[in-house]
Amino acid sequence: RSYNANLDYHKFFALSNGYGNIQFNTFYTYFANKIIADYDQDPELVVYDNLKGYGISKGIALNGEFAFTSGIKAFIGATLMDVYRIEKDGTKINQIQTPNFTGNYSLSYAFEKAQLTIDLTGNLYSPMRLPVVREYGDTRPEYSPWFGLHNIQLTKRLKNGLQLYGGLKN
């Protein structure tokens, strides 16, 4: 059982050499009853149980998208979140494998005469809590470092409507 509130603002606008839009979103969810996975109890098991207390997921997101007559398209977005549960005794436990910050971007350029497009995309993640069980000799850190995933792709449009593409991912 959950209760959710969302507020969203979206603005479209014209530029002298293209167009753009910006979107702002804020959200809040209260979980009164939720099935949760416990990764901390035993490294060989995932134990499911009902939430004893309540859970909260809240945050804000900002996204911007721009396209220019030059062939450049850009997108950037970021989300700040706080996801946790409060046990009956008042203990706050952060949601496992949920970063407080995520960011994403995309930059694209189309070479119209060559029928070729190059795309650069990526995601950025802040540290997040990981499943660690010290009683079994687990020596990994409790939180991940910052990390990102970045990709580049070339796409060639052929005259018969087919497209060939290739890229690199990390």
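As a reminder, the structure under discussion sits directly above these lines.
Please read all numbers here as calculations on a predicted model, not as lab measurements. Every chain is numbered on its own, with residues counted from 1 as its sequence reads. Restriction of local features to residues with pLDDT of at least 70 applies here, the model being predicted, together with a cutoff of 80 or more for giving and counting side-chain atom pairs; totals for whole chains, interfaces and linings are based on all residues. Excluding hydrogens and water, the side-chain values take into account all heavy atoms of the structure.

Moving on, we come to the side chain of Ser108. Only DSSP runs of H or I covering at least 4 residues are called helices, and only runs of E covering at least 2 are called strands; the numbering of each starts at the N terminus. Along the polypeptide, Ser108 turns up in strand β8 (residues 101-111). Separated by 2.7 Å, the side chains of Ser108 and Asp119 make a polar contact. N or O atoms closer than or at 3.5 Å make up a polar contact, with two conditions inside protein: a donor-capable atom paired with an acceptor-capable one, and, for residues adjacent in sequence, both atoms drawn from side chains.

To continue, consider the pairing of strand β1 (residues 2-15). Strands were regarded as paired on the criterion that DSSP finds at least two bridges between them. In this structure, β1 lies alongside strand β2 (residues 18-31), joined through 14 bridges in antiparallel fashion. Residue Lys11 lies in a different strand from β2, and its bridge partner there is Ile22. Here β1 hands over to β2 after two residues, the two strands then running antiparallel side by side.

Right, let's get into the environment of Pro131. Structurally, Pro131 can be placed in the loop between β9 (116-125) and β10 (147-157). The class for Pro131 is buried, based on a relative accessible area of 17%. Residues Pro131 and Tyr39, spaced 92 residues apart in sequence, show a C-alpha to C-alpha distance of 5.6 Å. In this scheme, a residue with accessible area under 20% of its type's maximum is buried, one over 50% is exposed, and one in between is partly exposed, where area comes from a 1.4 Å probe on protein chains only.

This brings us to a nonpolar patch on the surface. On the surface, a nonpolar cluster with roughly 540 Å² of combined accessible area is contributed by Tyr9, Ile22, Phe24, Ile60, Leu62 and Leu80. Contributing elements (two or more residues each) for the nonpolar patch: β2 and β5 (53-68). Tracing the chain through its elements places Ile60 in strand β5. The exposure class assigned to Ile60 is partly exposed, which follows from its relative accessible area of 37%. A patch consists of residues exposed above 30% relative accessible area that lack any salt bridge, with like charges linked at up to 9 Å and nonpolar side chains (Val, Leu, Ile, Met, Phe, Trp, Tyr) linked at up to 5 Å. Per-residue and other accessible areas were derived by the Shrake-Rupley procedure at a 1.4 Å probe size, with only the shown protein chains allowed to occlude residues. A side-chain nitrogen of Lys or Arg and a carboxyl oxygen of Asp or Glu constitute a salt bridge if their distance falls within 4 Å.

Summarising the element assignment, Asn151 is placed in strand β10. Once the C-alpha coordinates of Asn151 and Leu51 are considered, the two residues, 100 residues apart in sequence, prove to be 38 Å apart. Ignoring any residue separated from it by four or fewer positions in sequence, one finds Asn151 in contact with Asp119, Leu120, Thr121, Leu168, Lys169 and Asn170. Here a residue-residue contact requires only that any non-hydrogen atoms of the pair lie within 4.5 Å.

Turning next to the pattern of salt bridges. If you walk through the whole model with that rule in mind, you get five salt bridges. Its salt-bridge partner being Lys92, residue Asp82 comes within 3.8 Å of it at the nearest N-O pair. Pair noted here: Asp82 is in strand β6 (residues 72-87) and Lys92 is in strand β7 (residues 92-94), with a separation of ten residues, a long-range link. The closest approach of N and O atoms between Arg129 and Glu142, which form a salt bridge, is 3.8 Å. Taken as a pair, Arg129 in the loop between β9 and β10 and Glu142 in the loop between β9 and β10 lie far apart in primary sequence, 13 residues in all. You can call Arg129 buried: its relative accessible area is 12%.

Another point: the packing of aromatic side chains. Ring pairs (aromatic) are described by centroid distance and by the angle formed between their planes. Two aromatic rings from Phe, Tyr or Trp, using only the six-membered ring of Trp, form a pair when their centres are within 6.5 Å; if the ring planes differ by under 30 degrees the pair is stacked, by over 60 it is edge-to-face, and anything between is tilted. Going through the model one piece at a time under the given rule, you end up with six aromatic pairs. Between the aromatic rings of Tyr3 and Tyr30, the centroid separation amounts to 6.5 Å while the plane-to-plane angle is 35 degrees, which identifies the pairing as tilted. With Tyr3 in strand β1 and Tyr30 in strand β2, the pair connects residues that are 27 residues apart, well separated along the chain. When its relative accessible area of 48% is taken as the criterion, Tyr3 is described as partly exposed. Where Phe101 meets Trp146, the ring centres are 5.8 Å apart and the plane angle is 50 degrees; that geometry is what we call tilted. With Phe101 in strand β8 and Trp146 in the loop between β9 and β10, this residue pair connects regions lying 45 residues apart in the sequence. Residue classification places Phe101 among the partly exposed residues on the basis of a relative accessible area of 21%.

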